[in-house]
Amino acid sequence: MVNCCGLLTDKKEPVPLKGIEVEVEVRDHVATVVSTLHYENKEDKPLEAVFVTFPMPADAAVCHFSAKIGQTQVVAEVQEKQKAREEYDDALSSGQQAFLLEESEQSPDIFSLSVGSLPPEESASIRLEYVTELAVQADDGLRFCLPAVLNPRYQPQGSEGGSAQVTSVPASLVPYSLSFSARVSSPRPVCKVESNCSLDPLQYLNTEQTQASVQLAAGHKFDRDVELLIYYKDAHQPAAVVEAGQASAKPGSLMGDPVVMLSLYPEFPQAVMSKMTSCGEFVFLLDRSGSMDCPMDNSHQGETRISSARDTLLLLLKSLPVGCYFNIYSFGSRYDSIFPKSVEYSQKSMEDALKMVEKMKADMGGTEILQPLKQIFSQPCIPRQPRQFFIFTDGEVENTKEVINLVKKNAASHRCFSFGIGEGASSALITGVAKEGGGHAQFITGTDRMQPKVMQSLRFALQPAVMDISVTWDLPKGVSVTPLSPSIKNLFQGQRSLLYAQLTGESTGASDSCVTVKYRLADHPSQNQLHFSLKLTEDTGLTIHRLGARTLIRSLETEDGEPSGGVKEKVVELSVQSGVSSAFTAFIAVNKGDGKAIQGPLVRRNVPTPMMYYQACMSALSSVKNYQHCVMQQQQQCLALGAIPMPVLGCQARAMLAPCSIGNRAMPIQAVYSGMKRRKYDESEHTLSCEPQQPPREPLLQLISLQKASGSWLLEPALAAALGKTSEELEKPKPPSVTQEVWATILALIWLHGFKMEAQDEWEFLAMKAVSWLHAQKAPCVAECVDAGNALLGVKVHKDALGL
């Protein structure tokens with residue numbers, strides 16, 4: 001089932017939240033985020049405003065919560081969750097103002113904020129602060145994401161509904177504003193800052209360009225997360241930051257001692273990296289729930305998530321190494337697989353899989369990912385074929401922790417690479433399964449192309465697995481170390497690994513220190529070292545301490561599934577000591593003021609969260625009646641506001657252009673609407689779907705689709721069309737001593753290098769397969785073929801550049 005949007009907010013129920021201000025301070029690859037929420041009660045009764053499911057980055061450490069009512073400032077404290085709830089309820093019942101912020105027990109990227117007993121005609125400001133790490137992207141940018149959009153979380157059938165009701169409206173109707181500014185500083189110059197939203201021009205704050213500021217342009221529509229991509233010059237060098245402890249905290253405690261954050265970027269021996277593995281079992285799990293029919297970039301007319309996923313699977317299947325095994329699973333309210341078990345990669349198995357991929361639609365209902373995961377993990381691993389697991393989803397599940405724990409339990413048998421597709425995908429799910437599965441997480445939003453990010457993960461998957469990872473510390477005499485981070489599960493060439501540790505004691509002499517990471521790579525012992533000083537870094541506040549505390553808390557929360565009583569007590573103690581939120585604590589603030597009770601009955605108002613409206617409705621299709629209800633409510637609200645009804649994203653946006661179908665039977669759009677009232681939903685047909693006209697494939701994908709599993713191309717009319725030539729033009733310049741297949745393969749390689757170098761990340765592996773195939777053929781006249789191919793295609797590509 002789905003906690004679906006009920007459009008409860010209109011002119012008859014004014015919303016107390018009037019605006020949100022967000023200030024971001026980015027220091028190198030760590031961000032401090034301060035959000036201020038302005039409330040106003042214009043009703044004639046005291047008000048309880050509930051901002052349910054307030055989205056937050058999954059790895060955020062929430063460390064401050066305060067409220068200002070009139071001229072009175074109230075700072076919240078962290079308490080055990082049940083105790084905080086009771087204090088909040090007691091305050092409301094006695095007429096006092098109270099504020100409660102708590103993390104969801106199911107997913108760490110969701111919070112609820114309750115503002116209680118706001119008197120008539122009174123205003124209040126809520127200040128919320130958190131710190132978070134910035135993820136490194138494929139192009140070396142650092143990604144900061146402010147979740148402004150929340151997708152509904154799918155709750156599996158038969159599970160207990162313990163989550164809060166989600167009050168959500170179409171993003172265009174959110175009745176509050178957002179202002180956003182960011183200040184960026186680094187030891188290295190800031191090259192540029194990009195965003196999926198409109199920004200005012202970047203302002204440099206010093207001549208060295210190591211400090212800059214930027215802000216969101218006016219008119220943000222709440223239809224997407226706010227994403228910043230920050231690029232530094234000569235970025236991503238190994239580094240250490242040592243932060244002083246809190247003066248008022250007890251020495252020997254986490255907050256009283258210094259804490260070090262190490263940024264490691266492992267460099268593997270080139271001799272090993274040149275031997276990419278040619279074996280493995282590659283298992284792909286594709287989300288085919290109704291929300292996957294949403295557009296990728298919120299244009300309401302662009303490529304859908306499911307179509308982009310189909311193209312990506314095509315690219316992956318063409319790029320797999322000869323000799324591996326593979327299978328493709330898809331899931332919604334149910335799941336299925338292309339093959340009963342993983343099969344050896346061959347021309348036939350690849351063609352069979354591609355035929356099935358072409359038919360895949362977002363037609364499988366809800367988002368129940370747990371059962372297909374259990375099925376995959378129940379399959380025995382293939383000897384000498386390490387399992388590489390790829391998950392594609394828009395991440396809308398409610399049982400996030402259960403899913404992550406299952407991946408963690410089976411981490412010894414696989415590496416997990418996850419991809420969050422579209423706005424509002426659960427960062428907790430995507431990053432959690434990758435972290436516990438020893439893999440890598442990627443997010444694809446806005447106008448991002450899925451293919452280059454997926455191919456970066458394939459590059460990681462084809463690297464030899466790093467085994468026996470250990471970390472040793474060489475510190476001055478008198479200083480000891482207590483790790484705060486869990487053991488490193490995975491290392492990838494050039495990818496950052498962060499380690500936090502508490503440093504206890506004092507050194508009377510030198511401050512030089514060293515950390516060594518040892519591991520085995522393709523049966524070769526290797527190590528990387530980072531030398532650093534224990535000199536304290538100035539002006540970092542307690543950012544590193546809070547991130548270290550957050551890391552330890554998250555590790556304890558996920559320790560062997562359900563935490564024990566002793567673990568919960570330790571998490572609560574850490575959370576209270578550090579002032580960082582956890583699943584077992586909450587922030588509570590009570591304004592006792594002059595002790596006078598606020599008069600009048602308390603009215604509850606749910607503050608709506610912006611969301612992709614189409615996803616809420618489509619995911620809710622446990623019945624067609626629910627879908628009709630969402631559509632009608634949205635149209636009624638738009639009319640009430642004097643606006644033209646905004647079409648539901650996805651199906652309706654394309655209804656004028658494409659035939660609709662229920663199950664496999666095509667129906668005119670009018671018949672679908674008229675049939676909703678009288679026709680029961682058949683679970684076996686899964687969901688209402690609309691079939692957009694598939695646009696013609698771009699030339700690159702057209703060329704890729706023609707490659708054989710061996711790596712070669714055939715000289716055929718389809719290849720000529722992809723290269724923009726006729727069959728006669730392709731055949732005429734072929735040297736007589738060369739076979740048609742060799743000639744076709746060389747032409748394809750020349751075209752890729754001559755016209756598609758900007759997309760090399762996408763075709764690199766299939767080109768390597770083609771070159772390997774050509775070497776195996778020991779073809780004569782290769783130089784002559786390259787010269788003839790250059791003349792035919794109008795380019796100048798040297799045969800050495802082709803790898804020949």
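Residues numbered from 1 in each chain as written. Predicted model: local features only at pLDDT ≥ 70, side-chain atom pairs only at ≥ 80, totals over all residues. Heavy atoms only, no water.

### Overview of the overall build of the protein
In step 1: Counting its secondary structure elements, the protein contains 19 helices and 37 strands.
In step 2: Out of the 804 residues in the protein, the part that is buried amounts to 58%.
In step 3: Residue pairs in contact within the protein that sit at least 24 positions apart in sequence constitute 75% of those at least 6 positions apart.
In step 4: Of the roughly 33,400 Å² of accessible surface on the protein, a fraction of 51% belongs to carbon and sulfur atoms. (Helix = DSSP H or I, 4+ residues; strand = E, 2+ residues; numbered from the N terminus. Buried < 20%, exposed > 50% of the residue type's maximum accessible area, 1.4 Å probe, protein only. Contact = heavy atoms within 4.5 Å. Areas by Shrake-Rupley, 256 points an atom, 1.4 Å probe, with all protein chains shown as cover.)

### Topic: the confidence of the model for the protein
In step 1: Averaged over every residue, the pLDDT of the protein is 79; residues scoring 70 or more account for 78%.
In step 2: Under a pLDDT of 50 for its full length, residues 151–155 has, in the predicted model, 42 contacts with residues more than four places off or in other chains.
In step 3: Under a pLDDT of 50 for its full length, residues 160–168 has, in the predicted model, 27 contacts with residues more than four places off or in other chains. (pLDDT = per-residue confidence, 0-100.)

### Describing the sheet that holds strand β13 (residues 177–185)
In step 1: Overall, mixed pairing links the eight strands, which are arranged β5-β4-β9-β2-β1-β13-β16-β15 in an open sheet. Both outer strands of the open sheet, β5 (72–75) and β15 (203–204), are each paired with one neighbouring strand and no more.
In step 2: Pairing of strand β1 (residues 17–27) with strand β2 (residues 30–40) involves 10 bridges; the strand directions are antiparallel. Each bridged residue has a counterpart across the sheet, and for Val-22 the counterpart in β2 is Ser-35.
In step 3: The sheet strands contacting helix α9 (residues 543–557) are β2, β4 (61–69) and β9 (123–133), and the helix crosses β9 at an angle near 75°. (Pairing = 2+ DSSP bridges. Axes fitted to C-alpha atoms, helices over the stretch in contact; angles between N-to-C directions.)

### What to know about a negative patch on the surface
In step 1: Together, Glu-80, Glu-86, Asp-89 and Asp-90 give the surface a local cluster of negative charge.
In step 2: When residues in the negative patch are grouped by element, the largest group, three residues, is from helix α1 (residues 81–93).
In step 3: Tracing the chain through its elements places Glu-80 in strand β6 (residues 77–80).
In step 4: Classification of Glu-80 as partly exposed rests on a relative accessible area of 33%. (Patch = residues over 30% accessible without salt bridge, like charges linked within 9 Å, V, L, I, M, F, W, Y side chains within 5 Å. Salt bridge = Lys/Arg side-chain N within 4 Å of Asp/Glu carboxyl O. Lys, Arg positive; Asp, Glu negative; His and termini not counted. Charge placed at Lys NZ, Arg CZ, Asp CG, Glu CD.)

### Details of the packing of helix α17 (residues 740–755) against helix α18 (residues 760–777)
In step 1: Put simply, α17 and α18 touch, their axes get as near as 10 Å, and they point 145° apart. Relative to α18, α17 is oriented so that their crossing is left-handed. Each of Glu-741, Val-742, Thr-745, Ile-746, Leu-749, Leu-752 and His-753 in α17 lies in contact with α18, whose residues at this interface are Trp-763, Leu-766, Ala-767, Ala-770, Val-771, Trp-773, Leu-774 and Gln-777.
In step 2: Of the residues assigned to the contact of α17 with α18, the class counts are 11 nonpolar, three polar and one charged. (Left-handed = near helix turned anticlockwise from the far one by under 90°. Nonpolar A, V, L, I, M, F, W, Y, C, P; charged D, E, K, R; others polar.)

### Quick notes on the sheet that holds strand β17 (residues 226–232)
In step 1: Taken in spatial order, the four strands make up an open sheet running β10-β11-β17-β14, and their pairing is antiparallel. The open sheet has two edge strands with one neighbour each: β10 (135–136) and β14 (190–195).
In step 2: Examined bridge by bridge, β10 and strand β11 (residues 142–146) share two bridges and lie antiparallel to one another. Residue Val-136 lies in a different strand from β11, and its bridge partner there is Leu-142.

### Topic: the packing of helix α5 (residues 370–378) against helix α6 (residues 400–409)
In step 1: Close contact between α5 and α6 brings their axes to 10 Å; oriented N to C, the two are set at 10°. Classed by the angle they form, the pair α5 and α6 counts as roughly parallel. Facing α5, whose interface residues are Leu-370, Leu-373, Lys-374 and Phe-377, α6 presents Glu-402, Val-403, Leu-406 and Val-407.
In step 2: Split into classes, the residues belonging to the contact of α5 with α6 amount to six nonpolar, no polar and two charged. (Parallel < 35°, antiparallel > 145°, perpendicular 65-115°, else oblique.)

### Some points on α5
In step 1: Buried within α5 are the following residues: Leu-370, Pro-372, Leu-373, Ile-376 and Phe-377. Projection of α5 onto a plane perpendicular to its axis shows the buried side chains occupying an angular sector of 165°, all on one side.
In step 2: If you follow the buried residues of α5, they end up packed against β20 (281–287), β21 (325–331), β22 (335–337), β24 (387–393), α6 and β25 (414–421). (Arc of directions from axis to C-beta.)

### Here we look at the nonpolar core
In step 1: Ranked by size, the top nonpolar core spans 82 residues in total, and within it Phe-282, Phe-284, Leu-317, Phe-392 and Trp-713 carry the most contacts.
In step 2: Considering each element in turn, this core owes the most residues, 10 residues, to α17.
In step 3: Leu-317 has contacts with Phe-284, Phe-326, Ile-328, Tyr-345, Met-350, Ala-353, Leu-354 and Val-357, leaving out every residue within four places of it along the chain. (Core = buried A, V, L, I, M, F, W, Y, C linked by side-chain atoms within 4.5 Å.)

### Quick word on the pattern of salt bridges
Side chains that differ in charge, positive against negative, can pair when their charged atoms come close.
In step 1: Throughout the structure, instances matching the rule amount to 19 salt bridges.
In step 2: A salt bridge links Asp-336 to Arg-334, with the nearest nitrogen and oxygen atoms 3.3 Å apart.
In step 3: What makes Arg-334 partly exposed here is its relative accessible area of 36%.
In step 4: Taking the shortest distance from any N to any O, the salt bridge between Arg-459 and Glu-764 comes out at 2.6 Å. With Arg-459 in helix α8 (residues 450–462) and Glu-764 in helix α18, this residue pair connects regions lying 305 residues apart in the sequence.
In step 5: Residue classification places Glu-764 among the partly exposed residues on the basis of a relative accessible area of 27%.
In step 6: A network of salt bridges, in which partner residues are shared, links Glu-103, Arg-554 and Glu-557.

### Observations regarding the pairing of strand β26 (residues 440–444)
In step 1: Burial analysis of β26 places four of its five residues in the buried class, which makes it a mostly covered element.
In step 2: Relative to β26, β25 runs parallel, the two sharing five bridges. Along β26, the bridge assignment pairs Ser-418 with Ala-441.
In step 3: The handedness of the β25 to β26 crossover, carried by helix α7 (residues 427–436), is right-handed. (Right-handed = clockwise from strand over helix to strand, strands pointing away.)

### Quick word on unusual backbone geometry
Trans peptide bonds make up the majority, and among non-glycine residues the majority have a negative phi.
In step 1: At Asp-468, a position not held by glycine, the phi torsion is positive, near 50°.
In step 2: As for its position among the elements, Asp-468 is in strand β27 (residues 466–474).
In step 3: A positive phi is found at Lys-778, a non-glycine position, where the angle reads about 50°.
In step 4: Considering the arrangement of structural elements, one finds Lys-778 in the loop between α18 and α19 (782–793).

### Here's the deal with the side chain of His-753
In step 1: Inspection of the secondary structure puts His-753 in helix α17.
In step 2: When sequence neighbours within four positions are dropped, the list of residues in contact with His-753 reads Trp-763, Val-797, Ala-801 and Leu-802.

### Comments concerning the environment of Ser-487
In step 1: Among the secondary structure elements, Ser-487 is positioned in the loop between β28 (479–483) and β29 (497–505).
In step 2: Here Ser-487 falls in the exposed class, since its relative accessible area comes to 63%.
In step 3: In this structure, the C-alpha to C-alpha distance between Ser-487 and Val-471, residues 16 residues apart in sequence, is 8.4 Å.

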